[in-house]
Amino acid sequence: MATLVERLDRTWEAPTGAWSWLTSTDHKLIGRRYLGTAFFFFIIAGIGALLMRIQLALPRNTFLGPDTYNGIFTLHGTTMIFLVSTPILFGFANFMVPLMIGSRDMAFPRVNALSWYIFLFAGLLLWSSIFFGAMPDDGWFNYVPLSGPEQSTGRGIDFYLVSIVFLTVATTAGSINVIVTAFKMRAPGMSVRRIPIFIWTMVVTSFAVIFAYPALTAANILLYMDRHHDTLFFNPTAQGDPLLWQHLFWIFGHPDVYIIFLPAVGIVSTIIPVFSRHRLVAYPLIVLATVAIGVVSFGVWVHHMFAVGIPDLTNSFFAGATILITIPSGIQYVAWVATIWRGNVIWKSPFLFVFGFFVLFLIGGFTGVMFGVIPIDRQVTDSYFVVAHFHYVLFGGAIFPVFAGLHYWWPKMTGRMLHERWAQLTFWFMFVGFNMTFFPMHILGLLGMPRRVYTYNDNIGWDALNFFQTVGAFVLGFGVLLFIINAIISTYGGEDAGPNPWEANTLEWAVNSPPPPYNFVVLPVVRSADPLWDPPTPEGEAEPSALELADGKETYGSSILDAEAERVLPMPQDSPWPMFLAIGALILAIGLLFDLLPATIIGIAIATIVLVAWTWPPATKEEAMTL
Amino acid sequence: MQDETRHSRAPELKRIHRTSTRTTSIAATTLPGLLFLAQQSGLTSALDPKGPRSELIARFFWALLALAAVIFVIFVALFLIGSAKHNPGDQRLHFANGTGVVSVFGIAIPGVILLVIFGATLWALNELATPASAAEESIEIVGHQWWWEIHYPDHDFTTANEIHIPLGKDVHVKLTSADVIHSFWIPSLSDKLDMIPGKTNEIMLKADTPGIYRGQCAEFCGAQHANMILRVFADNDDTYDAWIANQQADAGIPDSDLLERGQQVYFNNACMYCHTVAGTSSSGKIGPDLTHVASRDYIAAGMLENTQGNLAGWILNNQSLKPNNQMPNFVMSPEDLQALIAWLESLK
Amino acid sequence: MIRTPAAPYDTMSPGELGNPPGWWGMLFLVFTEAALFASLLLSYFYERANAVEWPPAGIEKPELILPLIMTALLIGSSITMLIAETAIKRDSQTGLIVGLVLSVLLAGGFLAMQGYEYTHTDFALGDSVYSSAFFTITGLHGIHVAIAVLMGLVLIARASLGHFTARNHNALRNVSLYWHFVDLVWLFILASLYISPHVL
């Protein structure tokens, strides 16, 4: 009789060869792809930022002309929000969620693969606009009438609209996957009170995606119709309303920043207990705070529109909600400090990045409260002050935790440690560079420098600060480069990590680094919120049981609240359908973008055929059980 | 592993504490320095208010900044001190009752502070809501890509890119746009308000100190958004009345051959299709009103100083100075150009 | 201690088990689509609040006979879908297939009538915000009905091959969820675009 491991190895093969790699549905592989792809977009959007900073280093500079500059700032913002922040966090989710809940894959592994393909294709489609000489150039929120058919006559805006809607399919699919996985596939015993905090934040985030992204899709559809089919939704001369775009956009846009922020603080809440050697204090309140942020984030959007001329009474309601949403963040800050206070801190690089986050998001949060004060908002919105604010909360508040996560989970994903001293150096360059670049922007905004300007006059006192910021940007960029070098060196010669180098508490650290394709040899049964910190079973008592499931590509499904084992869930074999469907969808997108009817029809045809093949049940009856 | 980590903690910890504390202190001293600089240099600054609106906003801002600084120091100190603190024994599964601490310091206290801030916001909104009936002057501004069309309805004249307001008096400003969304922002005097096609927004403006105040369009409006600058002159009564009277007058009749030739060149090159010069048959509405162009310090919406050289460069080659703007480049002989510029300079 | 438990689905009856992951996936898809239609309908009312006249001058208030027939067809298709589901729960393959075929025919009829409606309006897509909203919203909904019809056809094919049993007809349940959702959206469109101009 073959051992458990031998039986599992037979059914859960690791990919070998190109076709196997292309058709794999392994969440770990897909998670790594997400992280790699998102990091790639981070680098190119970051290079765009450096180009912008070079242009702005000197007044009346001629390094970049207005059209190029405007295209670059649009691509920079759009990429950082849509192609970096959310995907990188979903990349972590992809890799870690099934492991943290003691399962073997996501609920819909093929949909998972599809999501990555679509993300890749949508991102490449957006950036291909450069080669068509048609960069979108109206900013990442793309206000009408400037982005309308009369004002933006090239295809740039269409690249934006189609790529974003295309990407939305991936993000939505990914979110549905996360929710159903977290609901239905937790290890027996992982009741609601024992769910790791990162899972909570991913679930709340995913619900926010499901309800917020459609507002963006609606706006994009309406503008697409205006641009391609002569409708009049946003045309002020025909009773259309440009403000409708802003409402729809920000009904999506504000929850979107929390869609980015929540998983990031989920990472922070994961790392702090481990490096404080103390369980997370006030876990229930943190969960409530997470849910509260998710819900209230839908009620603040007009604070992006305080300067458009909406009556004070309406504005006041949204100011109240904006100021209110500070409280759940405050709850988390106090809980984190309490955890640290009662613990014994180990200052390793993940914790250092968490400290960076703690400081930077605090600053960003304060300016956020200032923006809730309507008259102050109207003074500094659309200026460099707001550019400072959102970089503090998005870079400080999300990217720093991402780097914390990268350093924390690198050993688990690759089996090797990153070089610790190098990582600390990375942190300091990034932290100092970040503050050099973005802190002075507060001042520039107060001095009257608007955002999105490709140059400025030389007699108004903005020169020195701009130059200083450019230097800072290169310091920051250098820090990122240090990380890349550390990553490369680690891949080829890093220290072996072992299963749990950080002595952490959650289930992903119970398996080898990197985990085998089937994750767990035996599926765990959980009896606490910190399974790996559970005290050893006393003498004489039976060990907690684990579940064997080794004859077939299978994992367990459980009930939503109490996580009682319900059913065996077959996992799909490798499948080409996700790739083919993504290709069909890309062809459809190209047809819509370029008004090519044949491509639209072919895309729809491919998608339809692939979907039928995908959902057609496989030969074995067991697998048919769960379709 | 437990011992190892305890040993390695100490020097690691000390080093990081030193660096963190040092960085934080540098930041804490530089920050006020930079802000002080912002206030003192005589530059346009929201923190160097010259009118009651900006004054109120600046004071509110300073108060919030002070509060933020205090809370910042407290939280960062707690983080660092907490990290340095050693709790003996294995704390991993230690139960700390977070609910009490979090409820007080994470909900109750912030809740009270935020409620006060919200109340102050409502109060400030009320203070800033000046009724239009208090206005002693009226201006209408229409945003264009990439210049400002200015009307004084009570005095029946049109100008561009520059407004004058009477010192110490409320001015009622109506804002709209002819094409895309722009935004009216003079930080020394007031918060901003968007200019939206199809909609009219209204704001009350007032300056308490005489001077020239700079503003820039503050809503991305296309290629030349960066070069759409507005200048506001806060004049005492005499200066103001004189300016009004001057603007109301038509352009003078050319009284030399050079000026006559200049005016002829103007019409020969079809400038009248886009520009207005009151008192002549030039009544185009696509570009700025040029009736008193020579009275303005800048051309091209605050981008270039109003000098002969810049005027020449603008007429011949504006597309490379302000690419994509709506005026084409013109070709003409140097003598024609000279005459044209002389005539334009006579339009004071 | 490692144990191999009896696979629960052998001992728990389908009624005792929660819904399978696929059903939950469809539910959340329905939620996100609902949010999309909600955004579009809210946009409709927002634009309408700005308008001086609605419908604009020259356009009659929407006639109701055709839409009400279309509603009957669509609701009918929901009922027949329900019949199909009830049938398979009683292990009736015939009932299942008949129900599915009727659903597809009724929904197809809805689309045909919508085609007729589109060719007989007294306004074109780009005439006004009103016409823009009308065609965009009903058009997007029509696309959803078409997708439902395609799914229905696939189900008919699978049912003929005997894929569905009383214990397991998950694909039918999922499609049925989508189907009812699309019909529910129609009711909101009916109320907003067709009926409310007469009443509000």
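Everything numeric here is computed off the predicted structure, so don't read it as measured data.

**Considering the pairing of strand E5 (residues 171–177) of chain B**
Remember that side chains alternate between the two faces of the sheet whenever the strand is regular.
Residue and element names in this part refer to chain B.
Alright, step 1. The buried count for E5 comes to six of seven residues, which makes it a mostly enclosed element.
Alright, step 2. Relative to E5, strand E1 (residues 137–144) is paired through seven bridges, and the arrangement is parallel. The residue bridging Val142 from the neighbouring strand is Thr176, located in E5.
Alright, step 3. Summarising the sheet, E5 and strand E8 (residues 201–205) pair through five bridges and their orientation is antiparallel. If you follow His172 over to E8, its bridge partner there is Met204.

**Observations concerning the state of the cysteines**
Residues and elements named next belong to chain B.
Alright, step 1. Within this structure, the stated rule accounts for zero disulfides over all chains.
Alright, step 2. The closest cysteine sulfur to the non-disulfide-bonded Cys221 is located on Cys217, 3.7 Å from its own sulfur.
Alright, step 3. For Cys221, a relative accessible area of 0% gives the class buried.
Alright, step 4. As a non-bridged cysteine, Cys271 has Cys274 as the owner of its nearest cysteine sulfur, 8.3 Å distant.

**Comments concerning the sheet that holds strand E4 (residues 162–166) of chain B**
Residues and elements named next belong to chain B.
Alright, step 1. Taken in spatial order, the three strands line up as E4-E10-E9 in an open sheet, and their pairing is mixed. The open sheet is flanked by E4 and strand E9 (211–216), the only strands paired with a single partner. Taken pair by pair, the neighbouring strands of this sheet meet at an average axis angle of 25°, ignoring direction.
Alright, step 2. For E9 and strand E10 (residues 229–235), the ladder comprises six bridges, and the chain directions are antiparallel. By the bridge assignment, Gly211 is partnered in E10 with Ala234.
Alright, step 3. Helix H4 (residues 237–248) rests against E4 and E10 of the sheet, and its axis sits at about 135° to E4.

**Considerations on helix H4 (residues 66–100) of chain A**
Alright, step 1. With 35 residues, H4 of chain A extends 48 Å between its outermost C-alpha atoms, agreeing within 8% with the 51 Å of an ideal straight helix rising 1.5 Å per residue.
Alright, step 2. For H4 of chain A, the principal kink sits at Thr79 of chain A and spans about 40°.

**Some remarks on the interface of chain B and chain A**
Alright, step 1. Tallying the contact residues gives 101 residues for chain B and 96 residues for chain A.
Alright, step 2. Here chain B meets chain A over a buried area of about 8600 Å², counting both sides, of which 69% is carbon and sulfur.
Alright, step 3. Of all residues in chain B, the largest losses of buried area upon contact with chain A belong to Phe79, Arg92 and Phe220 of chain B, amounting jointly to 10% of the total for that side.
Alright, step 4. Between the two partners, chain B and chain A, sit one salt bridge.
Alright, step 5. Of all the elements in the fold, those that place two or more residues in the side of chain B that touches chain A are helix H1 (2–40), helix H2 (52–84), helix H3 (98–128), strand E7 (193–195) and E9 of chain B.
Alright, step 6. At 18 residues, H2 of chain B tops the list of elements feeding residues into the side of chain B that touches chain A.

**Some words on the pattern of salt bridges**
Opposite charge on two side chains allows them to pair when their charged atoms are near.
Alright, step 1. Using the criterion set out here, one finds 17 salt bridges over all chains in the structure.
Alright, step 2. A salt bridge links Arg155 of chain A to Asp595 of chain A; the shortest N-O distance between them is 3.8 Å. With Arg155 of chain A in the loop between helix H5 (109–128) and helix H6 (156–184) and Asp595 of chain A in the loop between helix H17 (577–594) and helix H18 (597–615), the pair connects residues that are 440 residues apart, well separated along the chain.
Alright, step 3. The exposure class of Arg155 of chain A is partly exposed, given its relative accessible area of 32%.
Alright, step 4. Here Glu55 of chain B and Arg59 of chain B are joined by a salt bridge, their closest N and O atoms 3.7 Å apart. Here the residue Glu55 of chain B and the residue Arg59 of chain B both occupy positions in helix H2, the gap between them amounting to four residues, near one helical turn.
Alright, step 5. A relative accessible area of 34% places Glu55 of chain B in the partly exposed class.
Alright, step 6. Here the residues in one salt-bridge network are Asp312 and Arg378 of chain A together with Arg53 and Asp191 of chain B, joined through shared partners.

**Observations regarding the interface of chain A and chain C**
Alright, step 1. Listed as interface residues are 55 residues of chain A and, on the opposing side, 50 residues of chain C.
Alright, step 2. Summed over both partners, the interface of chain A with chain C buries about 4300 Å², with 69% contributed by carbon and sulfur atoms.
Alright, step 3. Along the contact surface separating chain A from chain C lie zero salt bridges.
Alright, step 4. Contributing elements (two or more residues each) for the side of chain A that touches chain C: H6, helix H7 (197–229), helix H8 (242–276), strand E1 (546–547), strand E3 (565–570) and H18 of chain A.
Alright, step 5. In terms of residues, the side of chain A that touches chain C owes the most to one element, H7 of chain A, which gives eleven residues.
Alright, step 6. Tallied by class, the residues present in the side of chain A that touches chain C amount to 37 nonpolar, eleven polar and seven charged.

**Side note on the packing of H7 of chain A against H8 of chain A**
Residue and element names in this part refer to chain A.
Alright, step 1. With their axes 8 Å apart at the nearest point, H7 and H8 run at an angle of 160° to one another. With respect to H8, the axis of H7 lies roughly antiparallel. Helix-helix and strand crossings are classified by hand; for H7 and H8 the assignment is left-handed.

**Quick word on the environment of Val52 of chain C**
Residues and elements named next belong to chain C.
Alright, step 1. In this fold, Val52 is placed in the loop between helix H2 (21–50) and helix H3 (65–89).
Alright, step 2. Val52 gets classed as exposed once you look at its relative accessible area, which sits at 76%.
Alright, step 3. A C-alpha to C-alpha distance of 27 Å links Val52 and Thr119, two positions 67 residues apart in sequence.

**A closer look at H3 of chain C**
Alright, step 1. Between the first and last C-alpha of H3 of chain C there are 36 Å, a value that for 25 residues agrees with the 36 Å anticipated at 1.5 Å per step.
Alright, step 2. Directly after H3 of chain C, the chain includes Asp91 of chain C, whose backbone phi takes a positive value near 70°.

**Looking at the sheet that holds E5 of chain B**
All names here are of chain B.
Alright, step 1. Taking strand neighbours across the sheet as the criterion, the five strands line up as E3-E2-E1-E5-E8 in an open arrangement whose pairing is mixed. The outermost strands of the open sheet, each flanked by one partner alone, are strand E3 (157–160) and E8. In this sheet, adjacent strand axes meet at a mean angle of 25° when their direction is disregarded.
Alright, step 2. Packing against the sheet, H4 makes contact with E1, strand E2 (147–152) and E3, and its axis sits at approximately 100° to E3.

**Here we look at the packing of aromatic side chains**
Residue and element names in this part refer to chain C.
Alright, step 1. Under the counting rule described, the total for this entry stands at 99 aromatic pairs over all chains.
Alright, step 2. Ring centres of Phe28 and Phe31 lie 5.7 Å apart, and the angle between their planes is 80°; this geometry places the pair in the edge-to-face category. Here the residue Phe28 and the residue Phe31 both occupy positions in helix H2, the gap between them amounting to three residues, near one helical turn.
Alright, step 3. Of the residues examined, Phe28 reaches a relative accessible area of 2% and is grouped as buried.
Alright, step 4. Their ring planes at 85° and their centres at 5.6 Å tell us that Phe123 and Tyr130 sit as a pair that is edge-to-face.

**As for the side chain of Ser77 of chain C**
Alright, step 1. Inspection of the secondary structure assignment puts Ser77 of chain C in helix H3.
Alright, step 2. By relative accessible area, which is 0% here, Ser77 of chain C ends up buried.

**Let's talk about the confidence of the model for chain C**
Residues and elements named next belong to chain C.
Alright, step 1. Mean pLDDT over chain C works out to 92, with 92% of the residues at or above the 70 mark.
Alright, step 2. Under a pLDDT of 50 for its full length, residues 6–10 has, in the predicted model, ten contacts with residues more than four places off or in other chains.
Alright, step 3. Overall fold confidence for the complex sits at a pTM of 0.94, while the interface term, ipTM, reaches 0.95.

**Regarding the packing of H8 of chain A against helix H11 (residues 326–342) of chain A**
Residue and element names in this part refer to chain A.
Alright, step 1. Look at H8 against H11: their axes get within 9 Å of each other, and the N-to-C directions meet at 15°. Taken together, the axes of H8 and H11 lie roughly parallel to each other. At the point where H8 passes H11, the crossing takes the left-handed sense. Judged by residue contacts, Phe261, Val265, Val268, Ser269, Ile272, Pro273 and Ser276 of H8 engage Ser329, Gln332, Trp336, Thr339 and Ile340 from H11.

What counts, and at which threshold
- Residues numbered from 1 in each chain as written.
- Chains lettered and ligands numbered in written order.
- Predicted model: local features only at pLDDT ≥ 70, side-chain atom pairs only at ≥ 80, totals over all residues.
- Heavy atoms only, no water.
- Buried < 20%, exposed > 50% of the residue type's maximum accessible area, 1.4 Å probe, protein only.
- Helix = DSSP H or I, 4+ residues; strand = E, 2+ residues; numbered from the N terminus.
- Pairing = 2+ DSSP bridges.
- Disulfide = S-S within 2.5 Å.
- Axes fitted to C-alpha atoms, helices over the stretch in contact; angles between N-to-C directions.
- Contact = heavy atoms within 4.5 Å.
- Expected span 1.5 Å × (residues − 1).
- Bend = angle between axes of the 7 residues up to and from the residue.
- Buried area = accessible area lost by both parts, 1.4 Å probe.
- Salt bridge = Lys/Arg side-chain N within 4 Å of Asp/Glu carboxyl O.
- Nonpolar A, V, L, I, M, F, W, Y, C, P; charged D, E, K, R; others polar.
- Parallel < 35°, antiparallel > 145°, perpendicular 65-115°, else oblique.
- Left-handed = near helix turned anticlockwise from the far one by under 90°.
- Phe/Tyr/Trp six-rings, centres within 6.5 Å; stacked < 30°, edge-to-face > 60°.
- pLDDT = per-residue confidence, 0-100.

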